[in-house]
Each structure stands twice: as C-alpha cells, then as structure tokens.
Amino acid sequence: MLYAIFGNDIPDSLKKRAAARPAHLARLQTLQDEGRLLMAGPFPAVDAVDPGPAGFSGSLIVAEFDSLAEAEAWAAADPYVAAGVYAQVAVRPFRKVFPV
C-alpha cells in the first residue's frame with residue numbers, strides 16, 4: 001500500500017537540511033531503485049521553485065510499504081529526523097487515483 005509521509009520543518013531548518021540532505025536523498029534513491037517511490041520533494045517556504053534563504057517548510061514522500069508500521073518506522077529513521085530538521089512527522093495511508 002502507498003503511504004504519504006509529511007515532515008514539517010522547524011523554523012530556520014535550512015542549515016540542518018543541507019547537512020543531512022545527502023543521506024536523506026540516498027534513502028529515497030533506495031526506495032526508487034526498489035520501485036517503491038511514487039514521489040518526494042520539499043515544500044518551499046515561499047512561492048518560488050528556489051526559495052533561497054527562506055528555505056523549506058517541510059517535505060512530502062509518497063512510497064509503498066507493507067504496512068503503516070513499516071512506513072512509520074522508515075519515516076522515524078530518516079536522516080532529517082535525526083538531524084532535527086523536522087518538528088513533526090505524520091504518516092498516512094494514501095490511495096492513488098490519478099493519473100491512472
């Protein structure tokens with residue numbers, strides 16, 4: 001089943017994000033290599049593709065896991081969590097409808 005993982009950043013998370021980004025992306029690449037990643041990316045803190053020093057307000061990952069517990073465990077082990085980038089992480093089941 002698909003699960004949506006929402007990470008909400010702490011204020012001024014940009015430095016911590018930058019430091020943990022390579023490890024964060026490596027985990028996402030593993031999901032992609034396994035064919036389990038539907039999409040992933042950050043939420044710019046301002047209305048711009050490149051928010052510059054405004055940084056990001058959080059992230060969204062939609063990926064396939066065997067269970068909610070597995071998705072929650074994967075999210076809890078994210079390098080952004082360990083680095084203190086996220087103030088809060090929520091995991092919810094997700095049902096893709098479009099595109100077909």
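The model shown is predicted, which means the values in this text are computed figures rather than measured ones.

Some thoughts on the side chain of serine 59
Structurally, serine 59 can be placed in strand β3 (residues 56-64). Reaching out from serine 59, the side chain makes a polar contact with the side chain of arginine 17 at a distance of 2.8 Å. The residues contacting serine 59, other than those within four sequence positions of it, are Ile5, Phe6, Gly7, Arg17, Gly41, Pro42, Phe43, Tyr80 and Tyr86.

Some points on unusual backbone geometry
Backbone torsion omega between phenylalanine 98 and proline 99 reads -10°, so that peptide bond is classified as cis. Along the polypeptide, proline 99 turns up in the segment after β4 (86-94).

What to know about the pairing of strand β1 (residues 2-9)
Among the eight residues that make up β1, six are buried, leaving the element largely enclosed by the rest of the structure. Here β1 pairs with β3 via seven bridges, running antiparallel. Bridging across to β3, tyrosine 3 finds its partner in alanine 63.

Examining the pattern of salt bridges
Counting across every chain of the model gives four salt bridges. Glutamate 34 serves as the salt-bridge partner of arginine 36, at 2.7 Å between the closest nitrogen and oxygen. Residue classification places arginine 36 among the partly exposed residues on the basis of a relative accessible area of 22%. Judged by its relative accessible area of 46%, glutamate 34 falls in the partly exposed class.

What counts, and at which threshold
- Residues numbered from 1 in each chain as written.
- Predicted model: local features only at pLDDT ≥ 70, side-chain atom pairs only at ≥ 80, totals over all residues.
- Heavy atoms only, no water.
- Helix = DSSP H or I, 4+ residues; strand = E, 2+ residues; numbered from the N terminus.
- Polar contact = N/O pair within 3.5 Å; in protein donor to acceptor, adjacent residues only side chain to side chain.
- Contact = heavy atoms within 4.5 Å.
- Buried < 20%, exposed > 50% of the residue type's maximum accessible area, 1.4 Å probe, protein only.
- Pairing = 2+ DSSP bridges.
- Salt bridge = Lys/Arg side-chain N within 4 Å of Asp/Glu carboxyl O.

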